[in-house]
Amino acid sequence: MEKKELLKEGRRIDGRAPEELRTIEMKVDVVSRADGSALVKFGNTVAIASVYGPRALFPRHLQELETCVLRCRYNMAPFSVDERKSPGPDRRSIELTKVIRLALEPVIFVEDFPRATIDIFVEILQADGSTRVTAINAASLALASAGVPMKDLVAACSVGKIDGTLILDLNGDEDKNSEADLAFAMMPTKDKVTLLQMDGNLTREEIAKLLELARNTCKKIYEMQRSVLKEKYRRVE
Amino acid sequence: MIEEKYALELIEKGKRIDGRRFDEFRKIEIEQGIIKKAEGSARVKLGETEVIAGVKMDFGTPFPDTPEEGTLVVNAEFTPLASPEFDVGPPGEDAIELARVVDRGIRESKCIELNKLCIQPGEKVWCVFIDIHMINDKGNLLDASALAAIAALLNTKIPKVENEKIIRGEFEKNLPVVFKPINISVCKVGDKFLLDPTIEEEKILDSKLSISVRDDDKICSLQKQLKELDFDDILKMIDIAVKKSKEIRKMLG
């Protein structure tokens, strides 16, 4: 099979420059039944997140005496991809559920809610690359929108390498054919990295450049998240 | 609890519970070809930690986008005999994560020449199954597992095929393995980096970055585990891993 050409005259298949983001949309309070919720779009990738809690955790043996327990689920809708994905957890989504939980946990004041739980559910409605970072951006907004006390927001993006060029925000085709992809999330005001996963082939120097690009991008995404939240509270006034 | 507190106090004083340097692994023992029924196998011990990896070769169908390449499957079993913390049942998220991190280290390093494992394009290829069993969890299962996986691959032979049937116990040639990716988990406690944590040390780690390094120093996988990492630590951790990987790779011969 012929390898897809991902870069032509410095432009990507969707017309973007290497270090250009797709159009990003963010909305909060999209699920009125939830305590907090958000919808985030990175181009054609769409994630919706709901937060329930802090609320009582049962059965009781799951409770922690000094902290709340953060529970998380990342799930892809069967219709979110080209070939129907059979519903329910697969190995990939079990791993992603774990790394997403670890990406969010550091920003929550877990010691404020002993014995309780906070549940975060993320559904990927459309998948076109970078689903885990889109999920994290949505979950972070949903937590803030639920009024959960947080040390910072979590902002996330993907970076990678195609045809020897370092790029930002991989779409689905780029993800499948990339030489490397790196998923990244951080607490932007604290300079702490809460998600870092990479697979591919990169030199130390390439990683250094990609990390810098990811950090700068997360700061931009953080500003977008902030302005969506500010808008919400302005509406309330 | 008391051991963990002691380990932490020692680390703050610049020492470790078993007297090792911060960048020192426990004694590494690698023994290949230990399972007669497997096409390749290895036992790896890091001190008292012990894991066994077995490779089975079987016919499979290629993925549609790579019709002329063999396939790779990595699975890990946290067998309940290895730790009081492991339960009977299907793999949990820790076992799945470990298997997927080992998988990415092997796959992305391109250490197996999968294009040489095609039998009939688009129809029939060799599938390489790596199964890793935990035997004794005394800390750092991930580095032990990744080392066992590559050691087992280096020991793997492709079975003989007659009339489209696999003749078990007779072999055609060695599995083509061209790189030796090494996984190093660089851990941080307070302001100290350390390698190869013991089970006591594992409970007090702040953060951990697992880094898979190829023979040419290229990085083929990264996986942040545990709590948040300082941005400025990432490259330092990569440098520690690259340096250590050279030393451990030599043990694979």
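Residues numbered from 1 in each chain as written. Chains lettered and ligands numbered in written order. Predicted model: local features only at pLDDT ≥ 70, side-chain atom pairs only at ≥ 80, totals over all residues. Heavy atoms only, no water.

## Thoughts on the overall build of chain A
In step 1: Per the secondary structure count, chain A includes 4 helices and 11 strands.
In step 2: By principal-axis analysis of the C-alpha atoms, chain A measures approximately 55 × 40 × 35 Å.
In step 3: Split into buried and exposed, the 237 residues of chain A put 54% on the buried side.
In step 4: A total of about 10,700 Å² of accessible surface is found on chain A, and carbon and sulfur atoms cover 50% of it.
In step 5: Across chain A, the mean location of the 37 positive side-chain charges is 4 Å away from that of the 37 negative side-chain charges. (Helix = DSSP H or I, 4+ residues; strand = E, 2+ residues; numbered from the N terminus. Buried < 20%, exposed > 50% of the residue type's maximum accessible area, 1.4 Å probe, protein only. Areas by Shrake-Rupley, 256 points an atom, 1.4 Å probe, with all protein chains shown as cover. Lys, Arg positive; Asp, Glu negative; His and termini not counted. Charge placed at Lys NZ, Arg CZ, Asp CG, Glu CD.)

## With respect to the overall build of chain B
In step 1: Of the regular secondary structure elements, chain B holds 5 helices and 13 strands.
In step 2: Over its C-alpha atoms chain B spans a radius of gyration of 19 Å, differing by no more than 12% from the 18 Å that the globule rule assigns to 253 residues.
In step 3: Along the three orthogonal principal directions, the C-alpha set of chain B runs to about 65 × 35 × 30 Å.
In step 4: Every one of the 253 residues in chain B was classed for burial, and the buried ones make up 53%. (Rg over C-alpha atoms; globule rule 2.2 N^0.38 Å.)

## So, the pattern of salt bridges
In step 1: Inspection of every chain in the model, using the stated rule, returns 53 salt bridges over all chains.
In step 2: In this structure, the salt-bridge partner of A:Glu20 is A:Arg11, at a minimum N-O distance of 3.9 Å.
In step 3: On the basis of relative accessibility, which here comes to 36%, the residue A:Glu20 falls in the partly exposed class.
In step 4: In this structure, B:Asp233 and B:Lys236 form a salt bridge, with 3.7 Å as the shortest nitrogen-oxygen distance. (Salt bridge = Lys/Arg side-chain N within 4 Å of Asp/Glu carboxyl O.)

## Quick word on the pairing of strand β2 (residues 40–46) of chain B
Residues and elements named next belong to chain B.
In step 1: Here β2 lies mainly inside the structure; 5 of its 7 residues are buried.
In step 2: Of the strand pairs in this sheet, strand β1 (residues 28–32) and β2 are connected by 5 bridges, and their pairing is antiparallel. Among the inter-strand pairings, Glu31 is bridged to a residue of β2, identified as Arg43.
In step 3: Inspection of the sheet shows β2 paired to strand β3 (residues 49–60) by 7 bridges, in the antiparallel sense. Bridge pairing links Leu46 to Thr49 in β3. (Pairing = 2+ DSSP bridges.)

## As for the confidence of the model for chain B
In step 1: Here chain B averages 96 in pLDDT, and 100% of its residues register 70 or above.
In step 2: On the interface metric, ipTM, the complex scores 0.94, and its pTM is 0.95. (pLDDT = per-residue confidence, 0-100.)

## Quick notes on helix α5 (residues 233–250) of chain B
In step 1: In this model α5(B) runs 27 Å from its N-terminal to its C-terminal C-alpha over 18 residues, within 8% of the 26 Å that 1.5 Å per residue would give.
In step 2: For α5(B), the complete set of buried residues consists of B:Asp233, B:Ile234, B:Met237, B:Ile238, B:Ala241, B:Val242, B:Lys244, B:Ser245, B:Ile248 and B:Arg249. (Expected span 1.5 Å × (residues − 1).)

## Focus on the interface of chain A and chain B
In step 1: The partner chain B presents 31 residues to the 31 residues of chain A that form the contact.
In step 2: A buried area of about 3,100 Å², summed over both sides, lies between chain A and chain B, and 55% of it is on carbon and sulfur atoms.
In step 3: Summed over the shared surface of chain A and chain B, the number is 8 salt bridges.
In step 4: With a closest N to O distance of 2.5 Å, A:Lys192 and B:Asp230 form a salt bridge.
In step 5: Looking at the side of chain A that touches chain B, the elements that each hand over two or more residues are α1 (91–104), β10 (180–187), β11 (192–202) and α4 (204–236) of chain A.
In step 6: With 11 residues, β11(A) is the single largest residue contributor to the side of chain A that touches chain B.
In step 7: Taken together, the residues of the side of chain A that touches chain B sort by class into 15 nonpolar, 5 polar and 11 charged. (Contact = heavy atoms within 4.5 Å. Buried area = accessible area lost by both parts, 1.4 Å probe. Nonpolar A, V, L, I, M, F, W, Y, C, P; charged D, E, K, R; others polar.)

## Notes on the side chain of A:Ser37
Residue and element names in this part refer to chain A.
In step 1: With respect to the helices and strands, Ser37 occurs in strand β4 (residues 36–42).
In step 2: Under the relative-accessibility criterion, Ser37 is labelled buried at 0%.
In step 3: A polar contact is formed between the side chain of Ser37 and the backbone nitrogen of Val31, at a distance of 2.9 Å.
In step 4: Not counting residues up to four positions away in its chain, the partners in contact with Ser37 are Lys27, Val28, Asp29, Val30, Val31, Ala49, Ser50, Ala142 and Ser145. (Polar contact = N/O pair within 3.5 Å; in protein donor to acceptor, adjacent residues only side chain to side chain.)

## Comments concerning the nonpolar core
In step 1: A:Phe184, A:Leu196, B:Met134, B:Leu153, B:Ile211 and B:Leu222 are the most contacted members of the largest nonpolar core, which totals 132 residues.
In step 2: Beyond its immediate sequence surroundings of up to four residues, B:Leu222 is in contact with A:Leu182, A:Leu196, A:Gln197, A:Met198, A:Ile207, B:Leu209, B:Ser210, B:Ile211 and B:Ile238.
In step 3: In this structure, B:Ala7, B:Ile11, B:Val189 and B:Leu205 belong to the second largest nonpolar core, which totals 8 residues. (Core = buried A, V, L, I, M, F, W, Y, C linked by side-chain atoms within 4.5 Å.)

## So, the packing of α1(A) against helix α2 (residues 131–145) of chain A
All names here are of chain A.
In step 1: Contact geometry of α1 with α2 gives a least axis separation of 10 Å together with a crossing angle of 45°. The orientation of α1 with respect to α2, classified from their angle, is oblique. In the packing of α1 onto α2, the handedness of the crossing is right-handed. Between α1, through Arg92, Leu96, Ile100, Ala103 and Leu104, and α2, the contact on the second element is made entirely by Thr131, Arg132, Ala135, Ile136, Ala139, Ser140 and Leu143.
In step 2: The class makeup of the residues in the contact of α1 with α2 is 8 nonpolar, 2 polar and 2 charged. (Axes fitted to C-alpha atoms, helices over the stretch in contact; angles between N-to-C directions. Parallel < 35°, antiparallel > 145°, perpendicular 65-115°, else oblique. Left-handed = near helix turned anticlockwise from the far one by under 90°.)

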